[in-house]
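As a plain string of letters, each chain reads:
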Amino acid sequence: MNLSNLTVKAFLDELASRSPAPGGGSVAALAGGLATALCGMAARLTLGREKLRDAWPAMEQTAVEADQLRTRFLLLVDEDADAYLAVTAARKLPKGTDGEREARARAL
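Every value quoted in this text rests on a predicted model; they were computed, and no experiment measured them.

Chemist: Help me understand the overall build of the protein in this model?
Modeler: Counting secondary structure elements, the protein contains 4 helices and 0 strands. By residue count, 19% of the 108 residues in the protein fall in the buried class. When contacts within the protein are restricted to residue pairs at least 6 apart in sequence, those whose partners lie at least 24 apart make up 42%. If you average the places of the 14 positive and of the 14 negative side-chain charges in the protein, the two averages end up 5 Å apart.

Chemist: For this particular structure, what's the right way to read helix H2 (residues 24-46)?
Modeler: One full turn of an α-helix is made of 3.6 residues, so residues set three or four places apart face in the same direction. Between its first and last C-alpha, H2 extends 33 Å over 23 residues, near the 33 Å set by a 1.5 Å rise per residue. For H2, the elements touching its buried residues are helix H3 (56-91). Of the residues flanking the end of H2, it is glycine 48, one or two places downstream, whose phi is positive at about 90°.

Chemist: How should I be thinking about the packing of H2 against H3 in this particular structure?
Modeler: For any two helices packed against each other, one specifies the crossing angle of their axes together with the interaxial distance. Direction vectors running N to C along H2 and H3 enclose 160°, while the axes themselves pass 8 Å from each other. Looking at the two axes, H2 sits roughly antiparallel to H3. Of the two possible hands of crossing, H2 and H3 adopt the one that is left-handed. Its residues assigned to classes, the contact of H2 with H3 shows 14 nonpolar, 8 polar and 4 charged.

Chemist: Help me understand unusual backbone geometry, please; the structure alone is not making it clear to me.
Modeler: Leaving glycine out, the prevailing phi sign among residues is negative, and the prevailing peptide bond configuration is trans. Following alanine 21, the chain continues into proline 22 via a peptide bond in cis, with omega recorded as 10°. Tracing the backbone shows proline 22 in the loop between helix H1 (8-16) and H2.

Chemist: Could you clarify how one ought to interpret the pattern of salt bridges in this entry?
Modeler: Two side chains of opposite charge can pair, provided their charged atoms sit close to one another. Taken as a whole and judged by the stated rule, the model has 6 salt bridges. The salt bridge involving arginine 72 is made with glutamate 79; its shortest N-O contact spans 3.2 Å. Here arginine 72 falls in the partly exposed class, since its relative accessible area comes to 39%. A salt bridge links aspartate 98 to arginine 101; the nearest nitrogen and oxygen atoms lie 2.4 Å apart. Taken together, the positions of aspartate 98 and arginine 101, both in helix H4 (residues 98-107) and 3 residues apart, correspond to about one turn of that helix. With relative accessibility at 39%, the residue arginine 101 sits in the partly exposed group. Salt bridges sharing partners connect three or more residues here, namely Arg44, Asp67 and Arg70.

Chemist: For this particular structure, what's the right way to read the side chain of arginine 104?
Modeler: Positionally, arginine 104 belongs in helix H4. Ignoring sequence-local partners within four residues, the contact set of arginine 104 consists of Ala90, Arg91, Leu93, Pro94 and Lys95.

Chemist: How should the nonpolar core be read in this particular structure?
Modeler: In globular proteins that are soluble, nonpolar side chains generally tend to be buried together. Residues Leu3, Phe11, Ala21, Ala29, Val77 and Ala81 constitute the largest nonpolar core, which totals 6 residues. Apart from the residues within four sequence positions on either side, phenylalanine 11 is in contact with Leu3, Leu6, Pro22, Val27, Leu30 and Val77.

Scoring rules and cut-offs
- Residues numbered from 1 in each chain as written.
- Predicted model: local features only at pLDDT ≥ 70, side-chain atom pairs only at ≥ 80, totals over all residues.
- Heavy atoms only, no water.
- Helix = DSSP H or I, 4+ residues; strand = E, 2+ residues; numbered from the N terminus.
- Buried < 20%, exposed > 50% of the residue type's maximum accessible area, 1.4 Å probe, protein only.
- Contact = heavy atoms within 4.5 Å.
- Lys, Arg positive; Asp, Glu negative; His and termini not counted.
- Charge placed at Lys NZ, Arg CZ, Asp CG, Glu CD.
- Expected span 1.5 Å × (residues − 1).
- Axes fitted to C-alpha atoms, helices over the stretch in contact; angles between N-to-C directions.
- Parallel < 35°, antiparallel > 145°, perpendicular 65-115°, else oblique.
- Left-handed = near helix turned anticlockwise from the far one by under 90°.
- Nonpolar A, V, L, I, M, F, W, Y, C, P; charged D, E, K, R; others polar.
- Salt bridge = Lys/Arg side-chain N within 4 Å of Asp/Glu carboxyl O.
- Core = buried A, V, L, I, M, F, W, Y, C linked by side-chain atoms within 4.5 Å.

Below, the structure is given as structure tokens:
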């Protein structure tokens with residue numbers, strides 16, 4: 001899925017729909033992305049404030065790490081949805097013969 005490019009409203013509409021994805025994992029990843037974005041903002045707000053100069057090196061590192069984590073969480077929004085859709089598709093595979101059961105088990 002390409003959830004990470006949706007507007008907030010479109011994401012929420014898709015989440016509220018009958019579609020099995022996005023689901024809880026994608027929402028958790030989005031929450032992680034939001035949290036790391038806030039961490040990056042807080043770090044950047046600290047940078048440049050003279051009375052907090054001693055914290056600048058740590059905040060520079062924090063901003064870099066927060067950006068990296070935010071990027072990873074955004075990828076996980078789609079990865080979770082794709083993984084869940086693959087599982088639901090595999091569960092729909094036939095299981096009448098030994099070969100079908102083996103193929104379904106491999107897919108799962």
